[in-house]
Amino acid sequence: MARITPFTSPLLLGFDAMEKTLERIAKGNDGYPPYNIERIRGDESSGEQERLRITLAVAGFSEDDLDVTTEENQLIIRGRQSESGERDYLHRGIAARQFQRMFVLADGMLVSKAELTNGLLSVDLIRPEPVRMVKKINILVPE
């Protein structure tokens, strides 16, 4: 049976990488750690532009346990707690497993800052205003 994807239209050229990225994201979503995405409005008087904020609940993780990187058009947040053999838990209800959370970024999106406060990791993203380009293509006519 043939698989039909949204990118099979002959009018959508060069979207193979996007299709593969969407498939990878659909497979790797286990829900841990929980996160919010919010839009923070800009303040014109101070020149602050609108931004997006991704906030992950990472209780028990320190700054050294977390890694925030961008690779091509993806924001990747990884967490790995270092196990200390000194503790003897009677009950362990706070998850201490490693995780990797990926977010696909639109072209031009930039990470402006990442901050860890009270067990919440906040990553702010901005999108600079795109430069609209119109390019005239000359048509060659052989003689």
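As shown above, the structure is provided for reference.
About the criteria used
Residues numbered from 1 in each chain as written. Predicted model: local features only at pLDDT ≥ 70, side-chain atom pairs only at ≥ 80, totals over all residues. Heavy atoms only, no water. Pairing = 2+ DSSP bridges. Helix = DSSP H or I, 4+ residues; strand = E, 2+ residues; numbered from the N terminus. Axes fitted to C-alpha atoms, helices over the stretch in contact; angles between N-to-C directions. Core = buried A, V, L, I, M, F, W, Y, C linked by side-chain atoms within 4.5 Å. Buried < 20%, exposed > 50% of the residue type's maximum accessible area, 1.4 Å probe, protein only. Contact = heavy atoms within 4.5 Å.

On to the pairing of strand S3 (residues 66-71), then. Across six bridges, the pairing between S3 and strand S4 (residues 74-79) is antiparallel. Its bridge partner being in S4, Thr-70 is matched across the sheet by Leu-75. What sits between S3 and S4 in their antiparallel hairpin is a turn of two residues, with Glu-72 showing a positive phi close to 55 degrees.

Turning next to the sheet that holds S4. The strand order across the open sheet built from three strands is S3-S4-S5, with neighbouring strands paired in antiparallel fashion. Pairing within the sheet leaves two strands with one partner each, and these edge strands are S3 and strand S5 (99-104). Each neighbouring strand pair of the sheet contributes to a mean axis angle of 15 degrees, computed without reference to strand direction.

Right, let's get into the nonpolar core. Counting residues in hydrophobic clusters, the biggest one holds 15 residues, and the most contacted among them are Val-58, Leu-75, Ile-77, Phe-99 and Leu-125. Secondary structure elements with two or more residues in this core: strand S2 (51-57), S4, S5 and strand S7 (120-126). Here Val-58 is in contact with Pro-33, Leu-66, Phe-99, Leu-116, Gly-119, Leu-120 and Leu-121, once residues within four sequence places are set aside.

Ordered in space as S1-S2-S7-S6, the four strands form an open sheet in which the pairing is antiparallel. With one partner strand each, in any of the chains shown, strand S1 (35-40) and strand S6 (110-117) form the two edges of the open sheet. Between one strand axis and the next, the sheet turns through 20 degrees on average, direction left out of account.

In this section: the environment of Leu-75. Here Leu-75 lies in strand S4. A relative accessible area of 0% means that Leu-75 is categorised as buried. Each C-alpha atom, one on Leu-75 and one on Met-102, is 5.7 Å from the other, the two residues being 27 residues apart in sequence. Residues contacting Leu-75, with those up to four places away along its chain left out, are Ile-54, Val-68, Thr-69, Thr-70, Arg-101, Met-102, Phe-103, Leu-105, Val-111, Val-123 and Leu-125.

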